[in-house]
Amino acid sequence: METLKYMVKRVFLALLSLFAIVTITFFLMNLMPGDPFMSEKATAETRAMLIAKYGLDKPVIVQYGRYLSNLLKGDFGTSYVLQKGRAVREIITESFAVSMQIGVRALISAVIVGITLGCISGLYKDRPVDSVIRVLSSIGISTPGYVIAFSLMIVLSVKMKLLPVTYDKGLGAIMPVITLALYSTCYLIRLTRASILEVLNQDYLRTVRAKGMSEFTVIFVHALKNSLIPVITYLGPLTASILTGGFVAESVFNVPGLGRYFVTSISSRDYTMIMGVTIFYSSMIVIMNLVCDILYKAVDPRITLD
Amino acid sequence: MKLKNIMAMLLAALMVMSLAACGGNGGSETTTAAAGEATTAAAGDETTAAGETTADGLEIGVVGGSEDSMGLNTATVGALNGLSACRHVYEGLYKIGADGEVTLGQAAKAEQSDDGLTWTFTLRDDITWSDGEPVTAEDFIYGFDFLVESADDYSTILSDVADKWEATDDKTVVINTKFACGYLPSILAFPSTYPVRKDMVEEFGESYATEADKAVYNGPFEVVSWEHQAKIVMSKRTDYYDAANIAVGKINWVLTSEESTALNQFKSGDIIYSDVIPDEEVASMVNNGLHYASGMNNYCVMFNLGDNGNDVLKDVRVREALSLAIDRQRIINIRDLNDEMGYSLTCSGFTNADGVDFVDYIDPWFDAEDYEGNCEKAKQLLAEAGYEGGAGFPALNYIVNNDSRKEVAESVVNDWKEVLGIDTITVNKIEGFFAARSGGDFDLAYYGWWMDYTDISNMIGSMVSVQDNNCFWTNEDFLTAYNNAITTEDQKAQWDYYKECEAIMAQDLPVTPILHSQSTFLFDDTNYDGLVYSCGNFVFTYIKAK
């Protein structure tokens, strides 16, 4: 009952947040210089006709009212520039499906490898294995995504010819997954290591050991569970961002996903796409944060949802 | 031992995940499926050719721009890559032939009336759409009307020269031009003027031609799939009238603007052509597939002669001083992209019956060989205008729209500082550049024109409309000479009028040319030939394996 009440409250707050995001984004977007129909070839006359055709000649408040009204009907409009004429909802649905395919694999890889190596690193603190993991994770975090992506491409595709240069649903997914997962994996290693080290110094673990529990039980039942709270906090936004794709991985490997639109929709002033991807991404963040809050409770029953 | 076991388990887990990552639909198509076996030096070390011949013909992979430059609606497509794609799947009354010249396409015959104002086209008998329906004259008329209504980049390309068009029967298209327009065939070979099926537009509305199956095609190829942001697959139409002479059976048209990715695809043999290549890799690809083609463009500094421009620029002596002080050769050397020096608005590439290039036919805007002398003259002109040594020169805003143009602009501004002592001009890269320029919100600006079709009128005509040329310049003598040029059929007389246009612009200097850039692209010419490249448009239709 407590959980249900909490969820109703959070959903209401989420809708309120989304409304604020839509409103702020819409007006900020209209404050940006330029418009979707900037082109070297378009005459002033044709540009004016296009602006009128899409109602961009109306006052911004009128445009906003019309957008909200359409949004409530589930109509996100059509793309002005990036995929001229296609429905934004259709573009997002289609590209999210691709991003999610890669994202799920990247997320699972990041979580399994990140938490496992983080635990090992923490448990073998200051031993050679810890040093190796720490150095590698530092390199992974500090190396730009472009460098990782092109290094993989040149070695595995161009030189060794093991994998296709660009994305496909088969082997071509490996390099985008690695590129997308690497940073998060390394970050999770460091986060898990720090949490484990903090928990290992707690008194209750000494008590558990004193009771004669095996080291496995001490680590994986008692220590790991309690060290997961900060990891879960990170996993919420990570899941949202990784599932919606990454600009670098998608651009370099030509993945037809959603990630590229976060940048290209803004640079091309594709207003309907800017709004569409912003609303979608915000919704993902809101949902994932809610899921994380509920997970806190599952991991640590002392936490009250209110 | 315990540690070794943990590491072994980890490695095993990583391998399992890698396998999981490559699971999914193993039957999907990839461009690498097309990779053949032939080794080619043209594409770099140890690379393989991207094409292979199957029962359906030669299969090739190409990179031609990104998704946002792609479009299959002929009325709204504006970017070069989309226009190029349309040239493969649609066809107009004219087309670009294997020799790169404009030749009859869907029309079997074209007749021009004695006064040159009425053109009558008779359609071929063997032309069909990809759904088997015959292509009719009404499809062309609807296409022309649809273009005008669409109000996009090229919506006036036909109506600028023609005032009426009609289908007198299923096979006859009649176009009345506003003047004896000798370059009408070039316009009718341009994708915006291709035929459109009314029933398709009515069925799909705004989403017409946004998916492979939301349009029908009358060109040599049809779109069989369009994976947005990834690739378009085109397949040869066996019922196309000239199918027997086309070797290419399938085109895997990869959509990307990531230059390094395209280069790696070329090196790995996934593709045989790319129109994008990183500038820094150009040198390494010389003799490895790099090609240059005339960009058919110009790259200028524009002076705002309108109300919003600074008054100092309305003094032609100042404009000439600024023009003469630019060290064009140094800019070209720094860019190292095979540019040609700009001493005329029109680029090279147009020759008359005597084989003389137009840029050699006209008087250059300045003495390109004597930069030192130009600088002395520039100092003198600036002093005459009252700004000796740059003293008292007002602050000016020089706008550009990207980093590479900013670099060129900064080099130009540096010349003005070094030679003329002017240190009050600031280069600003701005968002909303085109809106700012067309609104006159600048003093100096980058200006460049890429030709749409190979006729001088397309270049010089870009300075005709005050509204469109953005520098708010107009000159009655220029307009008269231009109108005389486009209505004259005699080439000598026409070139003399164009020469007069160039001379008037050289005198008034609404813009000053800096250079004419070259288009760079990668093409595996060791294993293939027949690529047609014209005005930035690439045509793969006539490619053959060597």
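Residues numbered from 1 in each chain as written. Chains lettered and ligands numbered in written order. Predicted model: local features only at pLDDT ≥ 70, side-chain atom pairs only at ≥ 80, totals over all residues. Heavy atoms only, no water.

**As for the overall build of chain B**
Thought 1: On a plain count of helices and strands, chain B comes out with 16 helices and 26 strands.
Thought 2: Scored against the burial criterion, the 546 residues of chain B give a buried share of 58%.
Thought 3: In chain B, once contacts between residues fewer than 6 apart in sequence are set aside, the share between residues at least 24 apart is 67%.
Thought 4: Of the accessible surface of chain B, which amounts to about 21100 Å², a share of 46% is contributed by carbon and sulfur atoms. (Helix = DSSP H or I, 4+ residues; strand = E, 2+ residues; numbered from the N terminus. Buried < 20%, exposed > 50% of the residue type's maximum accessible area, 1.4 Å probe, protein only. Contact = heavy atoms within 4.5 Å. Areas by Shrake-Rupley, 256 points an atom, 1.4 Å probe, with all protein chains shown as cover.)

**Observations concerning the nonpolar core**
Residues and elements named next belong to chain B.
Thought 1: Grouped together as the largest cluster of nonpolar side chains are 159 residues, with contacts concentrated most on Tyr90, Leu93, Trp253, Tyr398 and Trp416.
Thought 2: Here this core gathers at least three residues from each of two domains, domain 1 (7–292 + 521–545) and domain 2 (297–517).
Thought 3: Sequence-distant contacts of Leu93, that is, excluding residues within four places in its chain, are made with Leu104, Gly105, Gln106, Ala107, Phe121, Leu123, Phe140, Phe144, Val173, Ile175 and Leu188. (Core = buried A, V, L, I, M, F, W, Y, C linked by side-chain atoms within 4.5 Å. Domains from an automatic or database assignment.)

**A look at the confidence of the model for chain B**
Residues and elements named next belong to chain B.
Thought 1: Averaged over all residues, the pLDDT of chain B is 87; the fraction at 70 or higher stands at 89%.
Thought 2: When mean pLDDT is compared element by element in chain B, strand E8 (residues 118–123) scores highest at 98, while strand E1 (residues 39–40) scores lowest at 32.
Thought 3: Confidence drops under pLDDT 50 across residues 1–49; counting only partners more than four residues distant or on other chains, this segment forms 98 contacts.
Thought 4: As a predicted assembly, this complex carries a pTM of 0.82 together with an ipTM value of 0.80. (pLDDT = per-residue confidence, 0-100.)

**Some thoughts on the packing of aromatic side chains**
Thought 1: Under the defined criterion, the tally for this structure stands at 36 aromatic pairs over all chains.
Thought 2: Judged by centre distance (4.5 Å) and plane angle (50°), the ring pair of A:Tyr54 and A:Tyr80 falls under tilted. Residue A:Tyr54 is located in the loop between helix H2 (44–53) and helix H3 (60–72), and its partner A:Tyr80 is located in the loop between H3 and helix H4 (88–123); the two are separated by 26 residues in the primary sequence.
Thought 3: Taking the relative accessible area as the measure of exposure, A:Tyr54 reaches 13% and is therefore buried.
Thought 4: You can call A:Tyr80 buried: its relative accessible area is 9%.
Thought 5: Between B:Trp253 and B:Phe540, the aromatic rings sit 5.3 Å apart at their centres with planes inclined by 75°, giving edge-to-face as the arrangement. (Phe/Tyr/Trp six-rings, centres within 6.5 Å; stacked < 30°, edge-to-face > 60°.)

**Comments concerning the domain arrangement of chain B**
Residues and elements named next belong to chain B.
Thought 1: Partitioning chain B into domains gives domain 1 (7–292 + 521–545) and domain 2 (297–517).
Thought 2: Taken over C-alpha atoms, the centre of domain 1 sits 34 Å from the centre of domain 2.
Thought 3: Counting the surface lost from both domain 1 and domain 2, the interface buries some 1300 Å², and carbon and sulfur atoms represent 63% of this.
Thought 4: Contact with domain 2 buries area across many residues of domain 1, yet Tyr183, Tyr292 and Cys535 alone supply 40% of it, more than any other trio.
Thought 5: Remark: the boundary between domain 1 and domain 2 carries zero salt bridges. (Buried area = accessible area lost by both parts, 1.4 Å probe. Salt bridge = Lys/Arg side-chain N within 4 Å of Asp/Glu carboxyl O.)

**Here's the deal with the sheet that holds strand E18 (residues 396–400) of chain B**
Residues and elements named next belong to chain B.
Thought 1: With mixed pairing, the six strands of this open sheet are ordered in space as E17-E21-E16-E20-E18-E19. The open sheet has two free edges, formed respectively by strand E17 (340–341) and strand E19 (425–429), since each of these has just one partner strand.
Thought 2: In this structure, E18 lies alongside strand E20 (residues 444–450), joined through two bridges in parallel fashion. Across the sheet, Tyr398 pairs through a bridge with Leu444, a residue of E20.
Thought 3: This element, helix H8 (residues 328–335), spans strand E16 (297–303), E17 and strand E21 (511–516) of the sheet and lies at about 35° to E21. (Pairing = 2+ DSSP bridges. Axes fitted to C-alpha atoms, helices over the stretch in contact; angles between N-to-C directions.)

**Quick word on helix H2 (residues 80–89) of chain B**
All names here are of chain B.
Thought 1: When you tally the buried positions in H2, you get nine out of 10 residues, the bulk of the element.
Thought 2: Within the sequence span of H2, burial applies to Asn81, Gly82, Leu83, Ser84, Ala85, Cys86, Arg87, His88 and Val89.
Thought 3: In this fold, the buried residues of H2 make contact with strand E5 (94–96), strand E11 (221–227), strand E12 (231–236), strand E13 (248–254) and strand E25 (537–539).

**Focus: a negative patch on the surface**
Residue and element names in this part refer to chain B.
Thought 1: There is a patch of like negative charges on the surface, built from Glu138, Asp145, Glu149, Asp169 and Asp170.
Thought 2: Of all the elements, helix H3 (residues 137–150) adds the most residues to the negative patch, at three residues.
Thought 3: Among the structural elements, Glu149 can be located in helix H3.
Thought 4: A relative accessible area of 61% means that Glu149 is categorised as exposed. (Patch = residues over 30% accessible without salt bridge, like charges linked within 9 Å, V, L, I, M, F, W, Y side chains within 5 Å. Lys, Arg positive; Asp, Glu negative; His and termini not counted. Charge placed at Lys NZ, Arg CZ, Asp CG, Glu CD.)

**Examining the packing of helix H1 (residues 2–31) of chain A against H3(A)**
All names here are of chain A.
Thought 1: For the pair H1 and H3, the least separation of the axes is 11 Å and the interaxial angle reads 140°. With respect to H3, the axis of H1 lies oblique. In the crossing of H1 with H3, the sense of the turn from one axis to the other is right-handed. Facing Phe19, Val22, Thr23, Phe26, Phe27 and Asn30 of H1, the residues of H3 in contact are Val60, Ile61, Gln63, Tyr64, Tyr67, Leu68 and Leu71.
Thought 2: Residue composition of the contact of H1 with H3, grouped by class: 10 nonpolar, three polar and no charged. (Parallel < 35°, antiparallel > 145°, perpendicular 65-115°, else oblique. Left-handed = near helix turned anticlockwise from the far one by under 90°. Nonpolar A, V, L, I, M, F, W, Y, C, P; charged D, E, K, R; others polar.)

**Here we look at the environment of B:Asn245**
Residue and element names in this part refer to chain B.
Thought 1: With respect to the helices and strands, the residue Asn245 is situated in the loop between E12 and E13.
Thought 2: Judged by relative accessible area, which is 52%, Asn245 ranks as exposed.
Thought 3: Of the polar contacts made by the side chain of Asn245, one reaches the side chain of Asp242; its length is 2.6 Å. (Polar contact = N/O pair within 3.5 Å; in protein donor to acceptor, adjacent residues only side chain to side chain.)

**Considering unusual backbone geometry**
Thought 1: One non-glycine residue, A:Asp126, adopts positive backbone phi at about 65°.
Thought 2: Here A:Asp126 is to be found in the loop between H4 and helix H5 (128–142).
Thought 3: Unlike most non-glycine residues, B:Gln229 shows phi in positive territory, near 75°.
Thought 4: Its location among the elements puts B:Gln229 in the loop between E11 and E12.

**Quick look at the pairing of E8(B)**
Residue and element names in this part refer to chain B.
Thought 1: Where burial is concerned, the two faces of E8 differ: the one with Trp119, Phe121 and Leu123 is buried and the one with Thr118, Thr120 and Thr122 is not.
Thought 2: Here strand E7 (residues 107–112) runs beside E8; their pairing, made up of five bridges, is antiparallel. By the bridge assignment, Ala110 is partnered in E8 with Phe121.
Thought 3: As paired elements, E8 and strand E10 (residues 172–177) share five bridges and run antiparallel to each other. Among the inter-strand pairings, Thr120 is bridged to a residue of E10, identified as Val174.

**Focus: the sheet that holds E8(B)**
Residues and elements named next belong to chain B.
Thought 1: As summarised here, the arrangement of the four strands in space is E7-E8-E10-E9, forming an open sheet in which the pairing is antiparallel. Of all strands in the sheet, those bounded by a partner on one side alone are E7 and strand E9 (162–169). For this sheet, the mean inter-axis angle between neighbouring strands, taken without regard to orientation, is 20°.
Thought 2: In the packing of H3 onto the sheet, contacts are made with E8, E9 and E10, and the angle to E9 comes to roughly 155°.

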